[in-house]
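One-letter residues, chain by chain:
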Amino acid sequence: MIAPKVMVVEDEEPLGVLLRYNLEAEGYQVEVIQRGDEAELRLQENVPDLLVLDWMLPAVSGIELCRRLRMRPETERLPVIMLTARGEESDRVRGLATGADDYLVKPFSMPEFIARVKALLRRAKPEVLSSVLKVGDIVLDRESHRVYRKKAEVKLGPTEFRLLEFMMRHPGRVFSRGQLLDNVWGETIYIDERTVDVHVGRLRKAVNTGRLPDVIRTVRGAGYAISEE
Ligand code: CA
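Residues numbered from 1 in each chain as written. Predicted model: local features only at pLDDT ≥ 70, side-chain atom pairs only at ≥ 80, totals over all residues. Heavy atoms only, no water.

Caption draft 1: Focus on the nonpolar core. Membership of the largest hydrophobic core comes to 26 residues, with the highest contact counts inside it found for Leu163, Leu164, Met167, Met168 and Leu180. Elements with a minimum of two residues in this core: β6 (132–135), β7 (138–141), α7 (158–169), α8 (177–185), α9 (194–207) and β11 (223–226). Among the elements that make up this core, the one with the highest residue count is α7 (6 residues). With residues near it in sequence (within four places) discarded, Leu163 still touches Leu180, Val184, Trp185, His199, Val200 and Leu203. (Core = buried A, V, L, I, M, F, W, Y, C linked by side-chain atoms within 4.5 Å. Buried < 20%, exposed > 50% of the residue type's maximum accessible area, 1.4 Å probe, protein only. Helix = DSSP H or I, 4+ residues; strand = E, 2+ residues; numbered from the N terminus. Contact = heavy atoms within 4.5 Å.)

Here it is in structure tokens:
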């Protein structure tokens, strides 16, 4: 199962370390960034499943970053939990003027933090946590690692399974080869982008059996998407 991705933007290093540790213990993939401007750049290349955003940050504040994210189609619905220090304009946060989905006042307990993350993911992105994904006539069971198309089982290798799982979590969205590499293979592994084409080819062959229509769309110059029909 591909772990949900959480980005933490927090300039207090010890807190960043603590949040990473606790999120990783829950099985999330975590990235911690200390500056608002760096987070903004990073979010233009890769959108996580959830963002934990500190209110006061160097360069671009959490409030400003949140406001900007809400204006871009890729991040307008990104689940955001805002962190604030006691007394930091908390009434404005309560008014959700920033566009955050939830907020926590420091200091908070780790069980409380994890509970909020889970609750928000469940509410905003149920597909990230659910064990069965459905797109068109394809069903993917993340627990048993089985895939069915029109009720017939489709046999996939582990990489093709992860590739399909990732694309089914974002139906209709086009991913570049680089984005697929980062999300399916991991950013620490160096693989040629052509490898993605090879695995997409294998996935296509396995899923499109008989005369069934092709569910994987190749977008010239852009990448691949799974179609919703
Ligand atoms: Ca801060």
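So much for the structure itself; the text now carries on.
Caption draft 2: Molecular detail of the sheet that holds strand β2 (residues 29–33). Here we have 5 strands laid out as an open sheet, ordered β2-β1-β3-β4-β5, and parallel in their pairing. Of all the strands in the sheet, the pair left with one neighbour each is β2 and β5 (102–106). The sheet shows a mean angle of 15 degrees between the axes of neighbouring strands, direction not considered. Across 4 bridges, the pairing between strand β3 (residues 50–54) and strand β4 (residues 80–85) is parallel. (Pairing = 2+ DSSP bridges. Axes fitted to C-alpha atoms, helices over the stretch in contact; angles between N-to-C directions.)

Caption draft 3: Region of the structure containing the pairing of strand β1 (residues 5–9). Among the 5 residues in β1, 5 count as buried, and that is most of the element. What you see with β1 is no split at all: Lys5, Met7 and Val9 on one side and Val6 and Val8 on the other are buried throughout. Here β1 pairs with β2 via 5 bridges, running parallel. Note on β2: the bridge partner recorded for Val6 is Val30. Considered for its hand, the β-α-β crossover made up of β1, helix α1 (residues 13–25) and β2 is right-handed. For β1 and β3, the ladder comprises 4 bridges, and the chain directions are parallel. (Right-handed = clockwise from strand over helix to strand, strands pointing away.)

Caption draft 4: Quick peek at the sheet that holds strand β9 (residues 152–154). Pairing in this open sheet of 4 strands is antiparallel, and the strands run β6-β7-β8-β9 from one edge to the other. The open sheet has two edge strands, β6 and β9, and neither has a second partner. Each strand of the sheet is rotated relative to its neighbour by a mean of 25 degrees, with strand direction disregarded. When β6 meets β7, the two strands line up antiparallel, connected through 4 bridges. Residue Val132 lies in a different strand from β7, and its bridge partner there is Asp141.

Caption draft 5: Expanded view of unusual backbone geometry. Across the junction of Lys106 and Pro107, the peptide omega takes the value -5 degrees, indicating a cis bond. Mapped onto the secondary structure, Pro107 falls in the loop between β5 and α5 (110–124). Phi is positive for His145, close to 60 degrees, though the residue is something other than glycine. Inspection of the secondary structure puts His145 in the loop between β7 and β8 (146–149). One non-glycine residue, Lys151, adopts positive backbone phi at about 70 degrees. Its place among the elements puts Lys151 in the loop between β8 and β9.

Caption draft 6: Highlighting the coordination of the calcium ion. Within the protein, the atoms that donate to the calcium ion are Asp11 (OD), Asp54 (OD) and Met56 (O), at distances of 2.1 to 2.4 Å. On the primary sequence, the residues serving as donors to the calcium ion are separated as D-x42-D-x1-M. By relative accessible area, which is 3% here, Asp54 ends up buried. With relative accessibility at 47%, the residue Met56 sits in the partly exposed group. (Donors = N, O, S within 2.8 Å, 3.2 Å for Na, K, Ca; no water.)

Caption draft 7: The arrangement of the domain arrangement of the protein chain in detail. Each domain of the protein chain was delimited in the assignment, giving domain 1 (5–129) and domain 2 (132–226). Between domain 1 and domain 2, the residue contacts involve 10 residues of the former and 9 residues of the latter. Note on domain 1 versus domain 2: buried area summed over both sides is about 720 Å², and carbon and sulfur give 23% of it. When the buried area of domain 1 at its contact with domain 2 is split by residue, Lys5, Asn46 and Glu127 rank highest and sum to 45% of it. Between the two partners, domain 1 and domain 2, sit 1 salt bridge. Across the salt bridge formed by Asp49 and Arg169, the nearest N and O atoms sit 2.8 Å from each other. For the pair domain 1 and domain 2, the number of links is 3 residue pairs in polar contact (both at pLDDT 80 or more). Elements with a contribution of two residues or more to the side of domain 1 that touches domain 2: α2 (36–45) and α6 (126–129). (Domains from an automatic or database assignment. Buried area = accessible area lost by both parts, 1.4 Å probe. Salt bridge = Lys/Arg side-chain N within 4 Å of Asp/Glu carboxyl O. Polar contact = N/O pair within 3.5 Å; in protein donor to acceptor, adjacent residues only side chain to side chain.)

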